[in-house]
Amino acid sequence: MNARIKNQLSYFFFILLAVLAIYTVFQDNDMAMVAASLKKMKLPYLFASAVAALVFTMMEGVMIWYLLRALQGKARFADCIRYSFVGFLYSGITPSATGGQPMQLYHMKRDGNDLSASTVVLMTVALVYKLVLVLMGIAMVLFGFPVLRDNLGKYLNLFYLGMFLNTALVAVLLIVMVFPVFARWIVLSAEKLLIQCRIIKKSEYRTDKIHRFIQSYQNAVQFLLKNKKQVAVVTLATFGQRCLVFILPYIVYRGFGLEGADALSVLMIQMSIYLAVDMLPLPGAQGITELMYKRAFRDIFTVEYVVPSMCVTRGISFYFLLFFSMAVCVAHHVRFRMRRG
């Protein structure tokens, strides 16, 4: 299956999930009441939400620019900002966000960046992102469990699943980075066993890909050890970036003129939703994110505003960013084609 057909299938699956998500979320709601409530959203808060979402996305580009400069001495800031939108677009339309990094790497290589440096940068950003997410989740369980218990309801187990999957992934990546020889032996032994059981066929390409994957993480750990200052800066920046998107529902909350809930509780609830759905094999975690939001924020936004607030929060933090990212990618593609004649 060529790349064009795979992209078309990804878009089709994404649209199908979007339609099903919209139907599932709105089937039991009075749309006239939802529309009337949406009109009460204050425009300055709506604008602030959009700006916060854009800054959240662009901060990844800033981190890529910062790390690329440390590795190869130079990097174009505008290109790095574009890489962040490329990553958001392809992560949003592929299951478990698997398409983001490969497309970022493709654009980085095409722009003349060193392939090895680009790989190390993207892996460092991804590892730090996952690590920060897990640490924030652990802190939330230790110091804010009553908030989770009271608001997540039946979705609390999904939060635990998300915590387990993200923690397991971080652990695996750390093992690969710290014990590359052991990790290579484990993976190749597993591959050999699957071949003997005739579950998969022998493939030199797959074996080579495993070697290159582990080597990439070896390069990443060497970079981490040699550039502790840069890693510390990226870790702090990632924490700020995460908080920026997690606080979006509170901006929306105030935009509807509501009072009473504290910003920290709202941030924790949004963080728990994000953690719960982050590893699910659904493009953009569509459907389940909206359902969790309705349950988790039901008491905070009340029945009148929970669906309208979800429309604004989810609309800005995902769909607005998705279409903005698509516009950035299309504009760059057109400009690239024109330069080539």
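Rules behind the numbers
- Residues numbered from 1 in each chain as written.
- Predicted model: local features only at pLDDT ≥ 70, side-chain atom pairs only at ≥ 80, totals over all residues.
- Heavy atoms only, no water.
- Helix = DSSP H or I, 4+ residues; strand = E, 2+ residues; numbered from the N terminus.
- Buried < 20%, exposed > 50% of the residue type's maximum accessible area, 1.4 Å probe, protein only.
- Contact = heavy atoms within 4.5 Å.
- Areas by Shrake-Rupley, 256 points an atom, 1.4 Å probe, with all protein chains shown as cover.
- Salt bridge = Lys/Arg side-chain N within 4 Å of Asp/Glu carboxyl O.
- Expected span 1.5 Å × (residues − 1).
- Axes fitted to C-alpha atoms, helices over the stretch in contact; angles between N-to-C directions.
- Parallel < 35°, antiparallel > 145°, perpendicular 65-115°, else oblique.
- Left-handed = near helix turned anticlockwise from the far one by under 90°.

S.K.: How should the overall build of the protein be read in this particular structure?
M.R.: Check the secondary structure of the protein and you find 14 helices and zero strands. For the protein, the N- to C-terminal ordering of α and β elements is α-α-α-α-α-α-α-α-α-α-α-α-α-α. In the protein, which comprises 341 residues, the share counted as buried stands at 47%. For the protein, restricting intrachain contacts to residue pairs at least 6 apart in sequence, the fraction spanning at least 24 positions comes to 75%. As presented, the protein carries roughly 17,700 Å² of accessible surface, and 68% of it is formed by carbon and sulfur atoms.

S.K.: Sorry if this is basic, but what is going on with the environment of Leu156 here?
M.R.: Along the polypeptide, Leu156 turns up in helix 7 (residues 156–178). Assessed through its relative accessible area of 14%, Leu156 is described here as buried. Separated by 116 residues in sequence, Leu156 and Ser272 have C-alpha atoms that sit 8.8 Å apart. Excluding residues that lie within four positions of it along the chain, Leu156 makes contacts with Phe145 and Leu148.

S.K.: Mind showing me how you'd approach the pattern of salt bridges here?
M.R.: Inspection of the entire model under this criterion finds eight salt bridges. Measuring nitrogen to oxygen at the nearest pair gives 2.9 Å for the salt bridge that ties Arg76 to Asp79. Here Asp150 and Arg149 are joined by a salt bridge, their closest N and O atoms 3.3 Å apart. On the basis of relative accessibility, which here comes to 44%, the residue Arg149 falls in the partly exposed class. Here the salt bridges do not stand alone but share partners, grouping Arg76, Asp79, Arg82 and Asp111 into one network.

S.K.: What is the right way to look at helix 4 (residues 77–92) in this model?
M.R.: Working note: α-helix, 3.6 residues per turn, so residues spaced by three or four point in the same direction. The end-to-end C-alpha distance of helix 4, which contains 16 residues, comes to 23 Å, matching closely the 22 Å that a straight helix rising 1.5 Å per residue would cover. Counting buried positions along helix 4 yields 13 of 16 residues, so the element is predominantly enclosed.

S.K.: Help me out: how do you make sense of the packing of helix 3 (residues 43–72) against helix 14 (residues 298–339) in this one?
M.R.: For any two helices packed against each other, one specifies the inter-axial angle together with the distance between the axes. Two numbers describe how helix 3 lies on helix 14: the axes approach to 10 Å, and their chain directions differ by 50°. When the axes of helix 3 and helix 14 are compared, the pair comes out oblique. In terms of crossing hand, the pair formed by helix 3 and helix 14 is right-handed. Across the interface between the two elements, Leu46, Ser49, Ala50, Ala53, Leu54, Phe56 and Thr57 from helix 3 touch Val312, Ile316, Phe320, Leu321 and Phe324 from helix 14.

These figures capture arrangement, not role.
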